[in-house]
Amino acid sequence: EAQVTQNPRYLITVTGKKLTVTCSQNMNHEYMSWYRQDPGLGLRQIYYSMNVEVTDKGDVPEGYKVSRKEKRNFPLILESPSPNQTSLYFCASSLSGVPGNTIYFGEGSWLTVV
Amino acid sequence: AQKITQTQPGMFVQEKEAVTLDCTYDTSDPSYGLFWYKQPSSGEMIFLIYQGSYDQQNATEGRYSLNFQKARKSANLVISASQLGDSAMYFCAMREGNIRGSQGNLIFGKGTKLSVKP
C-alpha cells in the first residue's frame, strides 16, 4: 500500500530534550516536506526537499533541522524543543515539486512540549 | 493578501443532500494545481480531488466534484449525497508552478468545518 509513515504519532516531551520525528514514504517520491498545523494559523511548511541531499527552508524553519540521506526518509529534528513547538506535524511527499503532482500526507504527529 | 480564501468557517448539510464548499484563489502563475483535502477529527489529511490550471474539464472523483471557474478564480468542492462520515474539516489548497524559487509547497485555506445531520 502506498503511504507516508511518520513516527511517533503522539509524543509528550520536556523542553530542551532533543527529539526526532521520522518520516518514510514507499512511493519513490522525489519531493518531501514537513508542515505544522496550528489553530488559527493553518498549515505552514517547515522544510522541504526536492531530492536526496537537497533540502531548503520553508516558511517556519526556526528550531528545526532535517536531513535527506535517502530518497524514502526525511526525518524532522528538534534539537532543543520549546513549548511553542507544540503542534500537529505532517510529513508529506509527492512525485516532484510540479503543481500537477499530488501531495500525500502522513497521519500526523501530535507533539506536546512541556 | 490571502492566496486561498474559504469564506465558510462552518456549514451544516442534511444527510443525502449535496453541499458546496467555496474556495477562491489568487495567483499570477499560469501553471498551478488546486487540491481539496479532508481532515477528520482524528487528524489525518486525506487527499480528495485535484484540478490543474490547464484542465478543460471539471475534475470528479466519486461523490466529489470540483466546480472550476478559472476566470473567477474559484474552485468549489461539491459533495453529492452527503454521508455522516463526511463530517470533517475541508481544506482547499494550491500548488504554484513557478519552480524556480518555488518551495513546491501547498498553500492552504483556513478550512470549512462540515457537519452532516442525520
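**What about the environment of Leu76 of chain A?**
Residues and elements named next belong to chain A.
Next, step 1: Inspection of the secondary structure assignment puts Leu76 in strand E8 (residues 76–78).
Next, step 2: It is 9.9 Å that separates the C-alpha atoms of Leu76 and Gln6, two residues lying 70 residues apart in sequence.
Next, step 3: Among residues more than four places away in sequence, those in contact with Leu76 are Leu19, Thr20, Val21, Trp34, Ile46, Tyr64, Lys65, Val66 and Tyr89.

**Let's talk about the pairing of strand E6 (residues 54–57) of chain A**
All names here are of chain A.
Next, step 1: Judged from the four bridges that link them, strand E5 (residues 42–51) and E6 form a sheet pairing that is antiparallel. Across the sheet, Tyr47 pairs through a bridge with Lys57, a residue of E6.
Next, step 2: Two successive antiparallel strands, E5 and E6, enclose a turn made up of two residues, where Glu53 displays a positive phi of approximately 65°.

**Structural notes on unusual backbone geometry**
Next, step 1: With omega at 0°, the peptide bond leading from Asn7 of chain A into Pro8 of chain A counts as cis.
Next, step 2: Note on placement: Pro8 of chain A falls in the loop between strand E1 (4–7) and strand E2 (10–13).
Next, step 3: Even without being glycine, Asn28 of chain A reaches a positive phi, approximately 60°.
Next, step 4: Residue Asn28 of chain A is classed as exposed on the basis of its relative accessible area, which comes to 52%.
Next, step 5: Of note in the backbone geometry, Ala81 of chain B takes a positive phi value of approximately 45° without being a glycine.
Next, step 6: Within the secondary structure, Ala81 of chain B is located in the loop between strand E9 (74–79) and strand E10 (88–96).

**Looking at the sheet that holds strand E3 (residues 19–25) of chain A**
All names here are of chain A.
Next, step 1: Ordered by their spatial adjacency, four strands build an open sheet running E1-E3-E8-E7, and the pairing between neighbours is antiparallel. In this open sheet, the two strands that pair with only one neighbour each are E1 and strand E7 (65–66).
Next, step 2: Strand direction decides the pairing type here: E1 and E3, joined by four bridges, are antiparallel. For Thr5, the partnering residue across the bridge sits in E3 and is Ser24.

**Considerations on the pattern of salt bridges**
Next, step 1: Tallying each qualifying case throughout the model produces seven salt bridges over all chains.
Next, step 2: Its salt-bridge partner being Lys3 of chain B, residue Glu96 of chain B comes within 2.8 Å of it at the nearest N-O pair. Of this pair, Glu96 of chain B sits in strand E10 while Lys3 of chain B sits in the segment before strand E1 (4–5), and the two are 93 residues apart along the sequence.
Next, step 3: Residue Glu96 of chain B is classed as buried on the basis of its relative accessible area of 16%.
Next, step 4: Where Asp26 of chain B meets Lys73 of chain B, a salt bridge forms, and the shortest distance between an N and an O atom there is 3.7 Å. Note that Asp26 of chain B is positioned in the loop between strand E4 (24–25) and strand E5 (32–39) and Lys73 of chain B in the loop between strand E8 (64–69) and E9, a separation of 47 residues in sequence.
Next, step 5: Judged by relative accessible area, which is 37%, Asp26 of chain B ranks as partly exposed.
Next, step 6: Among the charged side chains, a salt-bridge network with shared partners connects Arg36, Asp38 and Arg44 of chain A.

**Some points on the nonpolar core**
Next, step 1: With 25 residues, the main nonpolar core has Leu21, Tyr25, Trp36, Ile49, Leu77, Tyr90 and Leu114 of chain B as its most contacted residues.
Next, step 2: Among the secondary structure elements, those contributing two or more residues to this core are strand E2 (10–14), strand E3 (19–21), E5, strand E6 (46–52), E8, E9, E10 and strand E12 (112–117) of chain B.
Next, step 3: With residues near it in sequence (within four places) discarded, Leu77 of chain B still touches Val19, Thr20, Leu21, Trp36, Leu48, Ile49, Tyr64, Ser65 and Tyr90 of chain B.
Next, step 4: Leu19, Cys23, Met32 and Tyr89 of chain A belong to the second largest nonpolar core, which has 19 residues in total.

**Re the side chain of Gln25 of chain A**
Residue and element names in this part refer to chain A.
Next, step 1: By secondary structure assignment, the location of Gln25 is in strand E3.
Next, step 2: For Gln25, a relative accessible area of 2% puts it in the buried group.
Next, step 3: Looking at Gln25, its side chain comes within polar contact range of the main-chain nitrogen of Met27, at 3.0 Å.
Next, step 4: Excluding residues within four positions of it along the chain, Gln25 makes contact with Gln3, Val4, Met32, Arg68, Lys71, Arg72 and Ser93.

**Here's the deal with the interface of chain B and chain A**
Next, step 1: Each partner contributes to the interface: chain B provides 24 residues, whereas chain A provides 29 residues.
Next, step 2: Counting the contacts that link chain B with chain A gives zero salt bridges.
Next, step 3: One can count eight residue pairs in polar contact (both at pLDDT 80 or more) joining chain B with chain A.
Next, step 4: For the side of chain B that touches chain A, the secondary structure elements donating two or more residues are E5, E6 and E10 of chain B.
Next, step 5: The class makeup of the residues in the side of chain B that touches chain A is ten nonpolar, ten polar and four charged.

Calculation criteria
- Residues numbered from 1 in each chain as written.
- Chains lettered and ligands numbered in written order.
- Predicted model: local features only at pLDDT ≥ 70, side-chain atom pairs only at ≥ 80, totals over all residues.
- Heavy atoms only, no water.
- Helix = DSSP H or I, 4+ residues; strand = E, 2+ residues; numbered from the N terminus.
- Contact = heavy atoms within 4.5 Å.
- Pairing = 2+ DSSP bridges.
- Buried < 20%, exposed > 50% of the residue type's maximum accessible area, 1.4 Å probe, protein only.
- Salt bridge = Lys/Arg side-chain N within 4 Å of Asp/Glu carboxyl O.
- Core = buried A, V, L, I, M, F, W, Y, C linked by side-chain atoms within 4.5 Å.
- Polar contact = N/O pair within 3.5 Å; in protein donor to acceptor, adjacent residues only side chain to side chain.
- Nonpolar A, V, L, I, M, F, W, Y, C, P; charged D, E, K, R; others polar.

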